[in-house]
Amino acid sequence: MRMKYVMSEVLVGLWRNVTMTIAMIITMAVSLTMLGASGLIYTKVADMKQLYFENIEVSIFLDAEVTDEQRSAIATQLESDPLVSQVTYVNKDEAFQRFQEMFRDSPDLLSAVKADQLPESYRLKLVNPEEYKTISDQYTAVEGVDQVVDQSQVLDKIFNLFTAGQNIALVAAIAMAVAALLLVANTIQVAAYSKRREVAVMKLVGASNWFIQAPFVLEAVVAGLIGSILGLGALIALKIFLFDGALSALQGLFAPVSWGEVFLTFPVMAGVGGLISAVTAWVTLRFYLRV
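Residues numbered from 1 in each chain as written. Predicted model: local features only at pLDDT ≥ 70, side-chain atom pairs only at ≥ 80, totals over all residues. Heavy atoms only, no water.

Chemist: Looking at this structure, how should I read the overall build of the chain?
Modeler: From N to C terminus, the chain includes ten helices and four strands. N-terminal to C-terminal, the α/β element order of the chain is α-α-β-α-β-α-α-β-α-β-α-α-α-α. For the chain, the proportion of its 291 residues judged to be buried stands at 37%. Restricting to contacts in the chain with at least 6 residues of sequence separation, those with at least 24 account for 85%. Approximately 16500 Å² of the chain is accessible, and the part contributed by carbon and sulfur atoms is 65%. (Helix = DSSP H or I, 4+ residues; strand = E, 2+ residues; numbered from the N terminus. Buried < 20%, exposed > 50% of the residue type's maximum accessible area, 1.4 Å probe, protein only. Contact = heavy atoms within 4.5 Å. Areas by Shrake-Rupley, 256 points an atom, 1.4 Å probe, with all protein chains shown as cover.)

What follows is the structure in structure tokens.
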């Protein structure tokens, strides 16, 4: 009987303040969507970093006037370096072949470059790709080395942009979460004020604190759960229309977002939405009703 009464009061409370309830649900849905999206972004950037780092190749370009002794000394040092897992020597002819393959769609550029103009190089695979800066510091000053180049110098700039995007999404999610908390607190206060006489009567007849607070707390939890469902719908729309639609041509550059990852965010969003709503409602009631 008590549970039936509590549930009926939850439905009545949600309908009684329907406009504020809708505003609370929408705000919660937006904040949870941004929270879920920022979580997916963090995960995808981490996957992309791992993927790119695994394929990073460090190139040590030799001077045009490098001697046989210097070339041999560099090769010996590289083969004995514990940071290097694989060494590949590329002579001028091989470098020219790679150049032709890379710029085969630019005939003017190909005609302007000759084979003897391209430097010899050593292409390295590292045991730990994140140690590329150590390799650069070690070999830049070695005699016979012109320069040390690796793709991570470019990737660092890209990842910095992604990290900035992560931080912006996270800050926006936190801001929306604060707005949702304030709306939850305000809605609960209005609901409690509209039922102040009933609450006073229940306190006089000896109703427990849990029995008085339960309908209000459950109202907030229901709103939070509905917001998380709407947030999941927004993430599904983002995957369909953005990741699988507008950004589909960039799937080779960006780690794809799977359906499993999208749906795995729902328990997190539902848990965060329900828990934050419940705690906010309970704290608000403790201060407002003094029960």
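Chemist: It is not clear to me how the nonpolar core should be interpreted in this structure. Could you clarify?
Modeler: Generally speaking, nonpolar side chains in soluble globular proteins are found buried as a group. One finds Val184, Ile188, Val217 and Leu235 to be the most contacted residues of the largest nonpolar core, which totals 22 residues. Within the residue set of this core, elements represented by two or more residues are helix H2 (18-54), helix H7 (152-194), helix H9 (209-246) and helix H10 (259-288). Among the elements that line this core, the one with the most residues is H9, at seven residues. Once you skip the residues sitting within four places of it in the chain, valine 217 turns out to touch Ala278, Ala281, Trp282 and Leu285. Core analysis: the second largest hydrophobic core is formed by 18 residues, Leu62, Val66, Ala75 and Leu124 among them. (Core = buried A, V, L, I, M, F, W, Y, C linked by side-chain atoms within 4.5 Å.)

Chemist: Is there a simple way to think about the packing of aromatic side chains in this case?
Modeler: Geometrically, a pair of aromatic rings is defined through the distance of the ring centres and the angle of the planes. Enumeration over the complete set of coordinates arrives at two aromatic pairs. Considering the side-chain rings of tyrosine 89 and tyrosine 122, the 5.3 Å spacing of their centres and the 50° angle between planes classify their relative orientation as tilted. On the criterion of sequence distance, the pair formed by tyrosine 89 in strand S2 (residues 84-90) and tyrosine 122 in strand S3 (residues 121-126) is long-range, its members being 33 residues apart. Across the ring face of tryptophan 259, the terminal group of lysine 239 is positioned such that the distance to the ring centre comes to 5.0 Å. (Phe/Tyr/Trp six-rings, centres within 6.5 Å; stacked < 30°, edge-to-face > 60°. Lys NZ or Arg CZ within 6 Å of the ring centre and 35° of its normal.)

Chemist: Honestly, the environment of valine 87 in this entry has me stumped. Any pointers?
Modeler: Inspection of the secondary structure assignment puts valine 87 in strand S2. For valine 87, a relative accessible area of 30% translates into the label partly exposed. In this structure, the C-alpha to C-alpha distance between valine 87 and leucine 124, residues 37 residues apart in sequence, is 4.9 Å. Once residues lying within four places of it in the same chain are set aside, the contact partners of valine 87 are Leu78, Glu79, Tyr122, Arg123 and Leu124.

Chemist: Would you mind showing me how to read helix H3 (residues 68-79) here?
Modeler: Taking 1.5 Å per residue, twelve residues should reach 16 Å; H3 reaches 16 Å between its end C-alpha atoms and fits that length. When we look at burial in H3, the residues that qualify are Arg71, Ile74, Ala75 and Leu78. Summarising the axial view, the buried residues of H3 lie within an arc of 100°, below the 170-degree limit, and thus occupy one face. (Expected span 1.5 Å × (residues − 1). Arc of directions from axis to C-beta.)

Chemist: Where do I start with the sheet that holds S2 in this structure?
Modeler: Backbone-to-backbone hydrogen bonds pair the strands of a sheet. The strands run either parallel or antiparallel. Ordered in space as S2-S3-S1-S4, the four strands form an open sheet in which the pairing is antiparallel. Edge positions in the open sheet fall to S2 and strand S4 (145-150), since each of these has one partner strand only. Along the sheet, successive strands turn relative to each other by an average axial angle of 20°, direction set aside. One ladder, built from five bridges, connects strand S1 (residues 58-62) with S4; its direction is antiparallel. Each bridged residue has a counterpart across the sheet, and for isoleucine 60 the counterpart in S4 is valine 148. (Pairing = 2+ DSSP bridges. Axes fitted to C-alpha atoms, helices over the stretch in contact; angles between N-to-C directions.)

Chemist: What's the story with a nonpolar patch on the surface in this structure? I'm lost.
Modeler: A surface patch of nonpolar side chains, amounting to about 510 Å² of accessible area, comprises Leu275, Val279, Trp282, Val283 and Phe287. Mapped onto the secondary structure, tryptophan 282 falls in helix H10. Of the residues examined, tryptophan 282 reaches a relative accessible area of 43% and is grouped as partly exposed. (Patch = residues over 30% accessible without salt bridge, like charges linked within 9 Å, V, L, I, M, F, W, Y side chains within 5 Å. Salt bridge = Lys/Arg side-chain N within 4 Å of Asp/Glu carboxyl O.)

Chemist: Before we go on, may I ask you to explain helix H4 (residues 92-102) in this structure?
Modeler: Of all the positions in H4, only Ala95, Phe96 and Phe99 are classed as buried. Buried residues of H4, seen end-on, are gathered within an arc of 100° and therefore sit on one face of the element. Along H4, exposed side chains directed more than 90 degrees from the buried face belong to Asp93 and Glu101. Measuring from the backbone nitrogen of aspartate 93 back to the side-chain oxygen at the start of H4 gives 3.2 Å, which picks out asparagine 91 as the cap. (Polar contact = N/O pair within 3.5 Å; in protein donor to acceptor, adjacent residues only side chain to side chain.)

Chemist: Before we go on, may I ask you to explain the confidence of the model for the chain in this structure?
Modeler: Should the pLDDT be low somewhere, the predicted coordinates at that spot are not to be read in detail. Per-residue pLDDT for the chain averages 77, and the proportion of residues at 70 or more is 78%. Mean pLDDT across the secondary structure elements of the chain bottoms out at helix H1 (residues 2-16), with 57, and peaks at H3, with 89. (pLDDT = per-residue confidence, 0-100.)

Chemist: What's the story with the pairing of S3 in this structure? I'm lost.
Modeler: Along S3, five of the six residues are buried, which leaves the element largely enclosed by surrounding structure. Here S1 runs beside S3; their pairing, made up of four bridges, is antiparallel. Bridge assignment links phenylalanine 61 to a residue of S3, and that residue is serine 121. Two elements, S2 and S3, share six bridges in a ladder whose sense is antiparallel. Among the inter-strand pairings, threonine 88 is bridged to a residue of S3, identified as arginine 123.

Chemist: Help me out: how do you make sense of the side chain of glutamate 120 in this one?
Modeler: Assignment of secondary structure puts glutamate 120 in the loop between helix H5 (107-112) and S3. Engagement of the side chain of glutamate 120 in a polar contact is seen with the side chain of arginine 71, the distance being 2.9 Å. The contact partners of glutamate 120, leaving out residues within four places of it in the chain, are Ile60, Phe61, Leu62, Val66, Arg71, Tyr89, Val90, Asn91 and Lys92.

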